[in-house]
Amino acid sequence: MRNIILLCLCLSVLACSTEKKNVPTLSKEHQKALDDFQIMDGFEIEMVAAEPLVADPVAMEIDEDGNWFVLEMPGYPLDLSKTGQVRKLMDTNGDGYPDKSEVFVDSLTLPMGIMKWKKGIIVADAPNILYFEDTNGDNKADKREVILTGFSLSNPQHNMNTPKFGLDNWIYLGHSGSINSFAYEYLFGDKGSDIRYPANPKANILPKNGNGRNVRFKPDSFGLESMSGETQYGHTFDPWGHRFYTDNADHLYHEVLDARYTSTNPNLVIPEAMEKIPDHGDACEVYPISENPNHQLLTDVGVVTSSCGITWYDGGAFGRDFSQVTFVGEPVHNLVHADIIESKGSTFSGKRLLEKKEFLASKDPWFRPVNFYVGPDGALYVIDYYRQLIEHPEWMSEEVNKSGALYNGKTKGRIYRITKKGSAGMNWMNETHLSKESSEKLVELLQSDNGWFRKTAQRLLFHRKDVSVAPALKEIIAKKEAEASVPALWLLSDWGKLTPEDLVSALENKTAGVRENALKIADHQWSLPAFASNKELTQSLIQTAKDTDARVRFQWLCSSAFFTFPEAVALRSNILNQDIDDHWVGVAAIAASKGSEMSLLKGAITHFGNKPSEGKENFFAYVAAALMKKQDVSFLPLTSDAQVSNDWWQAALLKGLANYAEYAEKKISLDENQKNALAKSFLISPDTKMRYAIIGVFKAVGLPTDKTFAKQVFAKFSGSQDAKFQEDALALLTLQKDPAFTSKLIAFIRTSTSESIQLASIKALPNQISAQEMAQINQVYQQMKMPSRKAWIRYQIVNEKYMIPLLKEIANKNIPKTDLEWPQFVELMNSYDANIRKLAREVLAISEDRKAVLQNYLPAADMAGNAAKGKEIFKTNCTACHQIKGVTGIAFGPDLSTLKSRNALSIITEIINPNNSIADKYGNWDLQLSDGTRLSGIITSENDNSLSLKQMGGTVQTIEKYLIKSRVSSKVSAMPNGLDANIKLQDMADLVAFIKGI
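Starting from 1, residues in each chain are numbered consecutively following that chain's sequence as written. A pLDDT threshold of at least 70 governs which residues receive local features in this predicted model, and a stricter bar of 80 or more applies before side-chain atom pairs are shown or counted, although totals over entire chains, interfaces and linings include all residues. The basis for the side-chain values is all heavy atoms of the structure; hydrogens and waters are excluded.

Named according to an unreviewed UniProt entry, the protein chain is Cytochrome c domain-containing protein originating from Aquirufa nivalisilvae.

Encoded structure:
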């Protein structure tokens with residue numbers, strides 16, 4: 001079939017001799033650049049464009065007639081003087097290679113993406129999405145339109161980028177939102193505005209900067225939507241429309257849940273809709289071959305740190321082994337990394353294409369692969385920004401920034417072509433003329449092995465709206481073609497020519513990706529009577545719910561939110577039962593169950609409530625939060641019975657309730673019977689998780705009014721030797737808010753001979769105690785064991801009003817400052833209260849002259865360190881906020897494994913002066929809620945309704961936006977100055993030895 005498709009369709013592109021004739025002669029410099037490469041066996045690389053034809057390239061596009069557009073961004077990193085431009089490359093001598101270029105568009109600021117559209121091109125240039133067209137044929141665009149505006153003009157790698165035409169005929173944009181620039185806020189302080197079509201005020205509008213998420217749009221119909229995920233520079237699709245993203249050290253994400261489905265149930269409360277998928281981890285090792293690499297002060301060496309330009313290879317020319325491969329650029333290490341993408345339930349797993357080696361690497365430290373393009377010849381085109389420095393000055397040393405080297409290489413740039421050995425030379429520039437082909441020929445091209453032809457043909461058909469080819473598209477679907485069926489389905493759907501019979505045929509396709517897309521289209525079409533009333537389609541959908549492919553079942557679950565046939569509820573439950581240990585399946589089931597969450601819950605208890613697992617516990621917590629968000633407490637009777645074996649899922653339900661109740665818009669209330677049932681469970685349950693969850697609920701709703709319960713708890717406490725129950729009992733009893741009980745707690749702290757009771761009493765103290773009671777506890781502080789000491793310090797820091805009394809006790813030397821843990825130093829010294837912050841920095845003896853302090857520690861860089869001792873120093877001082885290979889810690893700040901290849905001076909600088917740079921996406925935010933509560937942490941994700949805040953200690957809290965009165969980005973690192981207070985010179989040498997030796 002495929003060999004018929006490409007017959008005579010300007011495909012001398014592929015049909016010429018395998019000899020590379022007429023390859024342009026290279027200069028010595030360019031030839032050396034080629035000689036410096038190491039490429040995977042079986043492949044070869046050639047330079048097909050370079051300076052002076054191009055300079056500073058960041059993206060490219062080849063249109064339907066072989067016109068080659070290259071997007072140039074000379075302004076990176078700091079120049080906003082509109083030096084960006086689009087060049088059009090031309091082959092004037094017919095040898096197949098460009099020998100001339102002309103400026104097609106100029107006066108762009110920091111352009112980050114280009115795409116062919118209609119008779120012109122779309123360019124992503126924050127804050128705008130722009131359309132350019134040459135209307136008079138002089139190779140210069142004379143028509144300029146702003147399609148969208150409102151995106152933030154932030155640090156360049158965070159600007160919206162990479163417009164791509166999707167399988168569903170929408171244009172997709174990469175976007176990760178603005179960041180908090182510290183050194184260059186005056187340039188990149190713009191946080192964006194409402195994203196909108198300036199030409200149509202009545203069109204849909206997205207909130208400020210689109211909540212920092214990816215965006216899709218349809219210019220002709222003014223469609224505009226936010227996605228559920230985000231990416232940095234670059235994004236890609238597989239042949240079935242699954243979306244993959246990248247972000248610096250996290251080089252491979254999958255957007256698992258589409259925003260269409262997360263929004264079907266407004267009661268759904270989840271922190272994230274994306275999954276990191278590499279099986280080799282975050283900040284994975286890479287294998288550069290660079291000679292004399294020019295790594296900067298804050299560069300993470302030897303691990304992925306600058307991933308960008310993620311591209312799914314769909315060219316069909318590399319062989320079957322490359323049908324599931326993605327490429328990412330790693331410009332800091334002068335290499336191209338490749339992964340094989342494999343199915344894993346509802347999502348994917350990425351494994352290295354090569355072990356201990358990269359697909360492409362260069363000895364040249366100026367080689368900066370930032371993007372890729374799969375061409376009409378199936379070749380992979382590598383876009384080389386070619387600069388001495390690629391890191392942004394925000395994360396470089398002041399000395400380098402002032403050296404004048406920021407723009408070294410500004411007049412250079414290369415584009416390489418990678419092919420299998422023995423492939424034909426490049427000859428598509430003057431031989432490609434798809435715009436002249438009939439619509440029937442374009443339909444045939446949908447069946448090409450090369451994704452460039454499939455996508456280009458689909459785009460042209462979409463623009464033409466030539467419904468006369470609808471029968472040909474239907475024939476593709478009826479013949480059960482694989483890749484071609486998907487664009488055929490979406491084109492017919494957009495044209496209003498799709499029938500239920502087409503979907504039935506697609507649902508029977510042997511390729512899972514086709515069945516997935518058929519389900520997506522079915523849920524779009526289900527509101528139309530012709531589809532909803534079609535019995536054959538309904539039966540086909542019912543059958544597809546039993547699909548053997550996990551991702552098809554997952555898509556069915558998502559789409560079922562729109563299906564109205566009566567069997568849908570039971571089928572949804574069946575998929576949930578079958579796949580519950582896939583985390584995303586539970587989330588999708590809740591998203592699809594608006595109005596029937598309770599039935600979903602009861603079915604889950606019946607089918608899998610007998611055996612605990614992490615996936616099941618997550619599901620129960622999520623479904624309880626969803627029920628609470630809709631003010632439905634009818635599930636509460638299920639959480640209380642005499643069956644201890646049910647405690648695990650009952651605890652998960654109550655945990656979900658309590659977590660949501662903490663930030664609920666309306667105060668949650670339970671009647672006395674419901675409270676008494678929970679009280680009974682507290683007394684009989686041996687499960688600490690269950691008791692803890694019940695305490696959380698009582699915090700939100702209050703204790704039973706009958707005092708008998710409190711007496712029973714205290715009686716059991718008095719006779720118990722179980723330290724965990726003692727702690728839980730006191731934590732519950734303090735909810736009485738009874739001054740008499742507070743006095744008992746003070747007495748326990750002062751006089752109890754039981755260390756566990758003393759510790760539990762401190763943990764149980766109410767938020768408010770008197771100055772006299774504080775003094776009584778401080779009088780016995782020196783006699784306390786260390787766990788109780790730490791609990792008392794923690795109590796005073798958590799309750800902000802006691803921070804100053806605590807600092808005074810430290811100043812008076814009653815409480816040694818060495819008893820504080822490092823995160824407590826952090827919180828005190830970074831307090832938003834200026835008085836606390838000032839006193840903390842005085843009392844804790846933190847010198848603000850970090851350069852002077854740094855000088856004192858620089859000798860540690862040359863000292864011999866003991867890695868084993870350094871590991872213990874790391875455990876004591878760093879694990880409260882960081883993880884590192886071989887040591888379990890709390891993932892609040894960045895994983896410090898990425899520091900291992902930095903030089904010792906760089907590591908010491910980061911420890912002594914953390915404000916020297918703040919890692920990407922680890923900016924600290926101060927939030928004030930409408931009830932006066934203040935929270936501080938890192939915003940990890942955000943959507944239209946809520947955001948997720950990671951707080952010190954690693955806890956992630958999802959907060960509804962209507963509860964947020966204000967949010968302000970902190971101008972200092974979440975890690976303040978002063979770790980040196982706990983670390984001696986030799987300790988620093990040991991710590992550096994440990995970090996570098998992992």
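What follows picks up the thread again.
*Asks:* How would you explain the overall build of the protein chain if you had to name every residue and give the values?
*Replies:* Helix and strand counts for the protein chain come out as 35 helices and 31 strands. Here's how the labels work: a residue is buried when its accessible area is under 20% of the maximum for its type, exposed when over 50%, partly exposed in between, all with a 1.4 Å probe on protein chains only. Per-residue burial over the protein chain gives 61% buried out of 998 residues. At a minimum sequence separation of 6, the contacts of the protein chain that also span at least 24 residues come to 66%. Numbered from the N terminus, helices here are DSSP runs of H or I no shorter than four residues, and strands are runs of E no shorter than two. It only takes one pair of heavy atoms within 4.5 Å for two residues to be counted as in contact.

*Asks:* Tell me about unusual backbone geometry, and please be specific about residues and values.
*Replies:* Glycine aside, a negative phi is what most residues show, and trans is what most peptide bonds show. For the peptide bond that leads from Glu-51 to Pro-52, omega is 10°, which places it in the cis range. Following the sequence through the fold, Pro-52 ends up in the loop between strand S2 (43-50) and strand S3 (57-62). For the peptide bond that leads from Tyr-76 to Pro-77, omega is 10°, which places it in the cis range. By secondary structure assignment, the location of Pro-77 is in the loop between strand S4 (68-72) and strand S5 (84-90). At Ser-107, a position not held by glycine, the phi torsion is positive, near 60°. With respect to the helices and strands, Ser-107 occurs in strand S6 (residues 100-108). Assessed through its relative accessible area of 43%, Ser-107 is described here as partly exposed. Positive phi, close to 60°, is recorded for Lys-480, a residue that is not glycine. With respect to the helices and strands, Lys-480 occurs in the loop between helix H9 (470-478) and helix H10 (485-495).

*Asks:* Describe helix H12 (residues 512-525), and please don't skip the residues or the numbers.
*Replies:* Helix span, expected: 1.5 Å multiplied by one less than the number of residues in the helix. The terminal C-alpha atoms of H12 lie 20 Å apart, and with 14 residues this matches the ideal 20 Å at 1.5 Å per residue to within 8%. Along H12, 13 of the 14 residues are buried, which leaves the element largely enclosed by surrounding structure.

*Asks:* Break down the nonpolar core for me, citing the residues and quoting the values.
*Replies:* Soluble globular proteins: nonpolar side chains tend toward being buried together. In this structure, Trp-68 and Phe-620 are the most contacted members of the largest nonpolar core, which totals 226 residues. What counts as a domain boundary in this text is fixed by an automatic or database domain assignment. Two domains share this core, each providing at least three of its residues, namely domain 1 (37-420) and domain 2 (439-549). We define the nonpolar core as a collection of buried residues of types Ala, Val, Leu, Ile, Met, Phe, Trp, Tyr and Cys that are connected through side-chain atoms lying within 4.5 Å of one another. Of all hydrophobic cores here, the second largest spans 28 residues; its members include Phe-43, Phe-327, Leu-354 and Leu-380.

*Asks:* Describe the pattern of salt bridges, and please don't skip the residues or the numbers.
*Replies:* We define a salt bridge as a side-chain nitrogen of Lys or Arg found within 4 Å of a carboxyl oxygen belonging to Asp or Glu. Evaluated as defined, the whole model comprises 40 salt bridges. The network of salt bridges with common partners includes Glu-29, Glu-51, Lys-412 and Arg-414.

*Asks:* Please set out the sheet that holds S3 residue by residue, giving values where relevant.
*Replies:* The pairing criterion for strands is at least two bridges between them, as found by DSSP. Across the sheet, four strands lie side by side as S3-S4-S5-S6; this open sheet has antiparallel pairing. Both edges of this open sheet fall to S3 and S6, since each of them pairs with a single strand only. With direction set aside, neighbouring strand axes in the sheet form an average angle of 20°. As paired elements, S4 and S5 share five bridges and run antiparallel to each other. Looking at S5, one finds that Phe-69 is bridged to Lys-88. Inter-axis angles, ranging from 0 to 180 degrees, are taken between N-to-C directions of lines fitted to C-alpha atoms, where helices are fitted over the stretch in contact.

*Asks:* Can you tell me about the pairing of strand S29 (residues 946-951), naming the residues and giving the values?
*Replies:* Along S29, six of the six residues are buried, which leaves the element largely enclosed by surrounding structure. Residues of S29 alternate between two faces, with Ser-946, Ser-948 and Lys-950 on one and Leu-947, Leu-949 and Gln-951 on the opposite face, all of them buried. In this sheet, S29 lies alongside strand S28 (residues 934-942) in antiparallel orientation, the contact comprising five bridges. Residue pairing across strands places Gly-937 opposite Gln-951, the latter belonging to S29. Looking at chain direction, S29 and strand S30 (residues 956-960) are connected through five bridges and run antiparallel. Bridging from a neighbouring strand, Lys-950 pairs with Val-956 of S30.

*Asks:* Can you lay out the pairing of S2 for me, pointing to particular residues and giving the numbers?
*Replies:* The side chains of a regular strand alternate, residue by residue, between the two faces of the sheet. Among the eight residues that make up S2, seven are buried, leaving the element largely enclosed by the rest of the structure. Inspection of the sheet shows S2 paired to strand S26 (residues 414-420) by seven bridges, in the antiparallel sense. Within the sheet, the bridge partner assigned to Glu-46 lies in S26 and is Arg-417.

*Asks:* Go over helix H8 (residues 451-464) with me, naming the residues and quoting the values.
*Replies:* The terminal C-alpha atoms of H8 lie 20 Å apart, and with 14 residues this matches the ideal 20 Å at 1.5 Å per residue to within 8%. Extensive coverage of H8 is indicated by the burial of eleven of its 14 residues. Polar contacts here mean pairs of N or O atoms no more than 3.5 Å apart (in protein, one a potential hydrogen donor and the other a potential acceptor; neighbouring residues in sequence count only if both atoms are side-chain atoms). For H8, the N-terminal capping position is held by Asn-450, with its side-chain oxygen 2.8 Å away from the main-chain nitrogen of Trp-452. The positive-phi residue at the C-terminal boundary of H8 is Lys-465, with phi of around 55°.

*Asks:* Which residues make up the packing of aromatic side chains, and what values go with them?
*Replies:* Between 30 and 60 degrees the pair is tilted, below 30 it is stacked and above 60 it is edge-to-face, where a pair is any two Phe, Tyr or Trp rings, Trp via its six-membered ring, whose centres lie within 6.5 Å. Overall, the coordinates contain 43 aromatic pairs when judged by the stated rule. Taking the centre distance of 4.9 Å and the plane angle of 75° together, the rings of Phe-43 and Phe-318 count as edge-to-face. With a gap of 275 residues between them, Phe-43 in strand S2 and Phe-318 in the loop between strand S19 (308-312) and strand S20 (325-330) connect regions that are remote in the sequence. Each member of the pair, Phe-43 as well as Phe-318, carries the same accessibility label: buried. Seen in terms of ring centroids, Phe-714 and Phe-717 are 5.7 Å apart; in terms of plane orientation they differ by 35°. Their pairing is tilted. Of this pair, Phe-714 and Phe-717 both sit in helix H23 (residues 708-718), three residues apart, which is roughly one turn of the helix.

*Asks:* Before we move on, could you go through the sheet that holds strand S15 (residues 235-237) and cite the residues and values that matter?
*Replies:* Read across the open sheet, the four strands follow the order S15-S16-S17-S18; overall the sheet is antiparallel. Strands at the two margins of the open sheet, each flanked by one partner only, are S15 and strand S18 (274-276). Adjacent strand axes in the sheet meet at a mean angle of 30° when their direction is disregarded. Where S15 meets strand S16 (residues 243-247), three bridges bridge the pair, whose relative direction is antiparallel. Residue pairing across strands places Thr-236 opposite Phe-244, the latter belonging to S16.

*Asks:* Outline the packing of helix H11 (residues 500-507) against helix H14 (residues 535-544), supporting the account with residue identities and numerical values.
*Replies:* Where H11 contacts H14, the two axes come as close as 9 Å, and the packing angle between them is 25°. Between H11 and H14, the angle is such that the two are roughly parallel. In the packing of H11 onto H14, the handedness of the crossing is left-handed. Between H11, through Pro-500, Glu-501, Leu-503, Val-504 and Leu-507, and H14, the contact on the second element is made entirely by Glu-536, Leu-537, Ser-540, Leu-541 and Thr-544. Only Asp, Glu, Lys and Arg are considered charged, only Ala, Val, Leu, Ile, Met, Phe, Trp, Tyr, Cys and Pro nonpolar, and every remaining residue, Gly among them, polar. Of the residues that constitute the contact of H11 with H14, the class distribution is six nonpolar, two polar and two charged. In this scheme, roughly parallel covers angles under 35 degrees and roughly antiparallel covers those over 145, while 65 to 115 is roughly perpendicular and the rest are oblique. Here a crossing is called left-handed whenever its near helix is offset anticlockwise from the far helix by less than a right angle, and right-handed whenever the offset is clockwise.

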